[in-house]
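# Remarks on the overall topology
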Amino acid sequence: MQITKNLGRADRLLRLIAGLVLIGLTASGTIGIWGWIGVILLATSALNFCPLYRIIGIKTCTTC
């Protein structure tokens, strides 16, 4: 399976910010262990690929 880009710039930025916020809140003890879901958001942002988007056929990247 080849990873093809399916995230647009705004989507990637939103995932990056949300991931960092969730990880920060979890590390500070503000929210529980579920905040580590932020790691998934960071990974999808870094890879420019969301497996769930591929499954349901969404592509937010306009140049891909």
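Attention in this report is confined to the structure presented alongside it. (Residues numbered from 1 in each chain as written. Predicted model: local features only at pLDDT ≥ 70, side-chain atom pairs only at ≥ 80, totals over all residues. Heavy atoms only, no water.)

It is worth spelling out helix H2 (residues 38-47) at this point. Every buried residue belonging to H2 is among Gly-38, Thr-44 and Ser-45, and all of these are buried. Buried residues of H2, viewed axially, fall in a sector of 125°; they line one side. Opposite the packed face of H2, turned more than 90 degrees from it, sit the exposed residues Ile-40, Ala-46 and Leu-47. Looking at the packing, one finds that the buried side of H2 touches helix H1 (9-27) and helix H3 (51-56). Phi for Asn-48, located one or two positions after H2, is positive at around 60°. (Buried < 20%, exposed > 50% of the residue type's maximum accessible area, 1.4 Å probe, protein only. Helix = DSSP H or I, 4+ residues; strand = E, 2+ residues; numbered from the N terminus. Arc of directions from axis to C-beta. Contact = heavy atoms within 4.5 Å.)

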